[in-house]
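# Descriptive analysis of the structure
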Amino acid sequence: MSNRVVVRSDLDFHIFFSIYEAHYPNAVSGIQPFIDHRHNEIEVSVILSGTGLYNCNGEDCPFSPGTVFLHSANASHYFSYINPGEKHSLLALRFDSRFVWSPGDQWFDTRYLQTFLFSESLQHCIPPKEAVAGVISRLLSDIFQECHNHLPAYELVIRAKIISILANITRYFSDKIEPQPDNAVLREEQLRQMESSMSYIRNHLQDDLSLNLLAKEAAMSRSYYAYLFKLLNHVSVWEYITNQRMDLAQYYLLNTKDSIMNI
């Protein structure tokens, strides 16, 4: 059972971010079956209640109330063990990888790239004993309330809080990540080219899209474009396009009177 809020762009209806509070009152205790749960977005979540083990990309991490989990795009994660006699719940924020690497964002900082895209640290957890876990937990709770309250300029407040979450995570992992060699650091020009290409994708989801066309839009070779796309988004070009089309179709089904055949 979940209480999910989705915030979309007014221009092309793609999802900026979503946040949900999930409760599992009927979960069976003990070892849980493997669930290959993954998605295209980065996720930051906090355990609200319950204890056990949470599997992040094959690694079991103990959890208790206040534990923060960080999942990169397309990283598998699920509850692998649930202690008996407890009710489990969590609060999770999901946002597109572009929020981290897009140079068109005035808040962009290259340190996010190393923390969220070039490191396995994102598949780990932050224990509740760490002060930053409490900070992130409060920020997630604030974002959830802002989404429900819809006060004036709530989108700006939420954006600032997401930036604060990113900054706190980057600070926490700053001494745990090996620096990238100079030849592995992406140039801002390349990021802008990819940003332009992805905007093209979102604005032409109903058209025929080819790798040749998208690579040309980004002014890159086919092979380098495919490589860079997956490096930044952790999914292939076609996985991204398919998921964007499915999400847009779901939006039309819920918000228009168009027939299923037309959609």
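In what follows, the accompanying structure is described.

How each quantity is defined
All residue numbers here refer to positions counted from 1 along the written sequence of the relevant chain. Residue-level local features of this predicted model are given only where pLDDT is at least 70; pairs of side-chain atoms are given and counted only at 80 or more, and the full residue set underlies all totals for whole chains, interfaces and linings. Only heavy atoms go into the side-chain values, all of them from the structure, while hydrogens and water stay out. The rule is simple: take the accessible area with a 1.4 Å probe, protein chains only, and divide by the maximum for that residue type; under 20% is buried, over 50% is exposed, in between is partly exposed. The secondary structure listing takes helices from DSSP runs of H or I that are at least 4 residues long and strands from runs of E that are at least 2 residues long, numbered from the N terminus. For two strands to count as paired, DSSP must find a minimum of two bridges between them. As a rule, the C-alpha atoms of each element are fitted with a line to give its axis, helices using only the stretch in contact, and angles between N-to-C directions run from 0 to 180 degrees. Geometric relationships in this document are graded by angle, where less than 35 degrees denotes roughly parallel, more than 145 denotes roughly antiparallel, 65 to 115 denotes roughly perpendicular, and other angles denote oblique. Whether a crossing is left-handed or right-handed is set by the direction in which the near helix is turned from the far one by less than a right angle, anticlockwise for left-handed and clockwise for right-handed. Only heavy atoms matter for contacts: two residues are in contact if any of them lie within 4.5 Å across the pair. Charged residues are taken to be Asp, Glu, Lys and Arg, nonpolar residues to be Ala, Val, Leu, Ile, Met, Phe, Trp, Tyr, Cys and Pro, and polar residues to be all remaining types, Gly included.

### Concerning the pairing of strand β8 (residues 77-82)
- Counting buried residues in β8 gives five out of six residues, a clear majority hidden from the surface.
- Both strand β3 (residues 30-31) and β8 contribute to a ladder of two bridges, which runs antiparallel. Bridging from a neighbouring strand, G30 pairs with I82 of β8.
- In the sheet, strand β5 (residues 52-56) pairs with β8 via five bridges, with the strands oriented antiparallel.

### Considerations on the packing of helix α3 (residues 131-149) against helix α4 (residues 154-173)
- The interhelical angle for the contact between α3 and α4, taken along N-to-C directions, is 165°, at an axis separation of 10 Å. Accordingly, the angle class assigned to the pair α3 and α4 is roughly antiparallel. In this structure, the crossing between α3 and α4 has a hand that is left-handed. Residues V132, V135, I136, L139, L140, D142, I143, E146 and C147 of α3 form the contact with α4, whose own contacting residues are Y154, V157, I158, K161, I162, S164, I165, N168, I169 and Y172.
- Residues belonging to the contact of α3 with α4 are distributed by class as follows: 14 nonpolar, two polar and three charged.

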